[in-house]
Amino acid sequence: MAEIPGTGAAVMHVLQRHREILHGYRQEYLKIQANHTTRMEREELLRGSGLGGTTSPSTSGLSRRDMYLKENTHLHNSSSMVNDQISIAMETKEHLTSQRQHMKRFQTRMHDISHRFPLISSLIQRINIRKRRESLILGGVIGVCTILLLLYAFH
């Protein structure tokens, strides 16, 4: 391109455009080369010391294939473990649902029995009233003790 006589503006423009394209290609080549060297260094680090300082392309291809197979095995194992965990969770959900149904049935039966026998119903009501009264008394005692402790702590 430098040998072509630069007589016109069009030729100068074409030369400038080709230089820009060449510059872009050089940058792309340098970037690809840097990525390739980085990848090769990473593979060398992952491979470890190996059999020596030099490795043939067929050996590196085998090690890469082995790495891919190991990665595939790890992915398969992870997938199966996730599937096992999901199945355990589904079984737990079903078990809890059945327990809930049993508790609902038990509650319904107790409610039916309490309505059939008014004596049991009145006994349950008295027990609930006594339980509420004791809860109120216990809450009052705890509140008074807390207030007394706070008064003692700040004086």
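Being a predicted model, the structure only gives us computed values, none of them experimental.

A. Seen up close, the UniProt feature "transmembrane region" (unreviewed entry) in the chain. The UniProt record marks residues 136-154 with the feature "transmembrane region" (unreviewed entry), using the residue numbering of this structure. Secondary structure across residues 136-154 comprises 100% helix and 0% strand; the distance between its end C-alpha atoms is 27 Å.

B. Up close: the confidence of the model for the chain. Residues of the chain with pLDDT of at least 70 account for 86%, and the chain-wide mean is 85. Of all secondary-structure elements in the chain, the lowest mean pLDDT belongs to helix 2 (residues 57-116), at 87, while helix 3 (residues 118-154) reaches the highest, 91.

C. Layout of the pattern of salt bridges. Evaluated as defined, the whole model comprises one salt bridge. Across the pair Arg-17 and Glu-20 runs a salt bridge whose closest N-O atoms are separated by 3.5 Å. Within this pair, Arg-17 and its partner Glu-20 are both found in helix 1 (residues 9-47), separated by three residues, close to a single helical turn. A residue is classified by how much of its surface remains accessible, and Glu-20, at 43% relative accessible area, is partly exposed.

D. Representation of the environment of Arg-47. Tracing the chain through its elements places Arg-47 in helix 1. Since its relative accessible area comes to 25%, Arg-47 is described here as partly exposed. Expressed as a C-alpha distance, the spacing of Arg-47 and Arg-64, which sit 17 residues apart in the sequence, is 9.1 Å.

E. Structural view of the side chain of Glu-43. Assignment of secondary structure puts Glu-43 in helix 1. Judged by relative accessible area, which is 7%, Glu-43 ranks as buried. Residues contacting Glu-43, with those up to four places away along its chain left out, are Arg-64 and Met-67.

What counts, and at which threshold
Residues numbered from 1 in each chain as written. Predicted model: local features only at pLDDT ≥ 70, side-chain atom pairs only at ≥ 80, totals over all residues. Heavy atoms only, no water. UniProt positions renumbered as here; feature names shortened; annotations may be inferred. Helix = DSSP H or I, 4+ residues; strand = E, 2+ residues; numbered from the N terminus. pLDDT = per-residue confidence, 0-100. Salt bridge = Lys/Arg side-chain N within 4 Å of Asp/Glu carboxyl O. Buried < 20%, exposed > 50% of the residue type's maximum accessible area, 1.4 Å probe, protein only. Contact = heavy atoms within 4.5 Å.

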